[in-house]
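Now for the letters of each chain:
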Amino acid sequence: MYLDETYFTKTKSKLATKDGKKLRGISRNKIGVGVACNETKSIFIVTGTSKPSRKLTKETYSKHIARSLVLFMMMNDVVKSSELSELFCDFNTIIHSDEVNDLCRKKKCDFTRNRNMNFYSIIYYFIFRNRTTTNAELTHFYSSIDRFEKRISKQALNKAIRKLNPNVFTYLINQFASIYYSTSLPKKYRDHLLIAEDGTYIEIPYNMLNINEFQFALGSHVRDMFDVKKVQSKAGGLYDVTNGLFIDFSLKQAPYSETPLAFEHLYRTKEVLENQKVIYLADRNYGSAEIISHLEGLRYSYVIRGKSNFYKKQVASMESDDEWIEVEIDENGLKDFDFLQKPRN
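Quick caveat: nothing in here was measured; it's all calculated off a predicted structure. (Residues numbered from 1 in each chain as written. Predicted model: local features only at pLDDT ≥ 70, side-chain atom pairs only at ≥ 80, totals over all residues. Heavy atoms only, no water.)

(A) Spatial organisation of the confidence of the model for the protein chain. Looking at the protein chain as a whole, its pLDDT mean stands at 79, while 78% of the residues score no less than 70. Put simply, helix H2 (residues 67–75) is where the protein chain has its lowest mean pLDDT, 53, and strand E9 (residues 278–282) is where it has its highest, 96. Confidence drops under pLDDT 50 across residues 339–345; counting only partners more than four residues distant or on other chains, this segment forms 13 contacts. (pLDDT = per-residue confidence, 0-100. Helix = DSSP H or I, 4+ residues; strand = E, 2+ residues; numbered from the N terminus. Contact = heavy atoms within 4.5 Å.)

(B) Focus on the side chain of Arg105. Structurally, the position occupied by Arg105 is in the loop between helix H4 (98–103) and helix H5 (119–128). Buried and without a salt bridge, Arg105 has Asp102 as its closest oppositely charged side chain, separated by 4.2 Å. One polar contact links the side chain of Arg105 to the main-chain carbonyl oxygen of Asp110, over a distance of 3.3 Å. (Buried < 20%, exposed > 50% of the residue type's maximum accessible area, 1.4 Å probe, protein only. Lys, Arg positive; Asp, Glu negative; His and termini not counted. Salt bridge = Lys/Arg side-chain N within 4 Å of Asp/Glu carboxyl O. Polar contact = N/O pair within 3.5 Å; in protein donor to acceptor, adjacent residues only side chain to side chain.)

(C) Just the packing of helix H3 (residues 83–95) against helix H8 (residues 168–180), in detail. Their axes nearest at 10 Å, the elements H3 and H8 cross at an angle of 150°. As summarised for this structure, H3 and H8 are arranged roughly antiparallel, according to the angle between their axes. Judged by the sense of rotation from one axis to the other, the crossing of H3 with H8 is right-handed. Only Tyr171, Leu172, Gln175, Phe176, Ile179 and Tyr180 of H8 make contact with H3, whose side of the interface consists of Leu87, Asp90, Phe91, Ile94 and Ile95. In terms of residue class, the contact of H3 with H8 is built from nine nonpolar, one polar and one charged. (Axes fitted to C-alpha atoms, helices over the stretch in contact; angles between N-to-C directions. Parallel < 35°, antiparallel > 145°, perpendicular 65-115°, else oblique. Left-handed = near helix turned anticlockwise from the far one by under 90°. Nonpolar A, V, L, I, M, F, W, Y, C, P; charged D, E, K, R; others polar.)

(D) Molecular detail of the sheet that holds strand E8 (residues 245–253). Strand order in the open sheet formed by five strands is E8-E7-E6-E9-E10, and the pairing between neighbours is mixed. Each having just a single partner strand, E8 and strand E10 (301–304) make up the two edges of the open sheet. Put simply, the sheet's adjacent strands are angled 20° from each other on average, direction ignored. In this sheet, E10 lies alongside E9 in parallel orientation, the contact comprising four bridges. What sits directly across from Ala282, in E10, is Ile304. Sheet strands touched by helix H10 (residues 258–268): strand E6 (193–204), strand E7 (231–240), E8 and E9. Its angle to E8, the strand with the most contacts, is close to 140°. Contacts from helix H11 (residues 289–297) reach E9 and E10 within the one sheet, and its direction differs from that of E10 by about 155°. (Pairing = 2+ DSSP bridges.)

(E) Focus on the nonpolar core. By size, the foremost hydrophobic cluster in this structure holds 49 residues, and its most contacted members are Met117, Leu172, Tyr181, Ile195, Leu273, Tyr280 and Tyr300. Those residues within four positions of Tyr300 in sequence are excluded, and the remaining contacts are Ile195, Leu266, Thr269, Leu273, Val278 and Leu295. (Core = buried A, V, L, I, M, F, W, Y, C linked by side-chain atoms within 4.5 Å.)

If you want it as structure tokens, here you go:
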């Protein structure tokens, strides 16, 4: 792709003057136009009357760099010299690797033939999907990679999806984060990464398989699986607030506790964030002694919202609104650390 800019003089009636004289060079009398083109397409963007600068160039083209361009680069091995492009190329290599090929299969016989929607194509499809319907998404996907004539049907897509092991995305999220944080691209807050943990419930398709797989919570209106009206999964993620990037993400059974889910994310991302200064952000459900102890072991700073009874005795003895408190873990408190050895729901 070729990028350049040029300037055109305004019409005579709109020319600005200074002390009755025309302005010289690139001035308010010149309208900038950015140009971007490849072998098949060209775009022209009016940039205004500013002088060329790194900031203006970024503002001009960044909003026009759609997901489809990144997708086209990765699918067709377009190599650039910039660090961002190297990141995409490295991630592209991982997606095409034999290891990902093995991880993405539910059965050994899946994705063995070089079909139109092979294992890496379907991974790209899910990474870059952003349309409201499947048909619109398929049209966008194949147009983006310049292979519209090979567009498959919705039925063929669903058949390929049933072969895909969703756990491959956990691996890919971790691998992308490993590459990303080894570059100079991540933005930081006072030399620290701001990462946040939270959990929620996500409604998933209603069927008996999902009811058995993700379970359900018993209550006054739900006595057994036949009373279940909707199926939910416990979702949790570790999110880079400053860079808008999930470092880890999990879907578990509905009754699964958020605390062990947070530990899973901290363990899996330990090597990814090993050489980074980190501030860990979390809501009131994560202010337990075991999480705080683990964060200090990782040498992470942390800001965790406390409950109303959050170390009530120690807080009551504070002489100001901002000071350190010491918490001694008694025998009852040590019981909370048991799940580090054995998972619990």
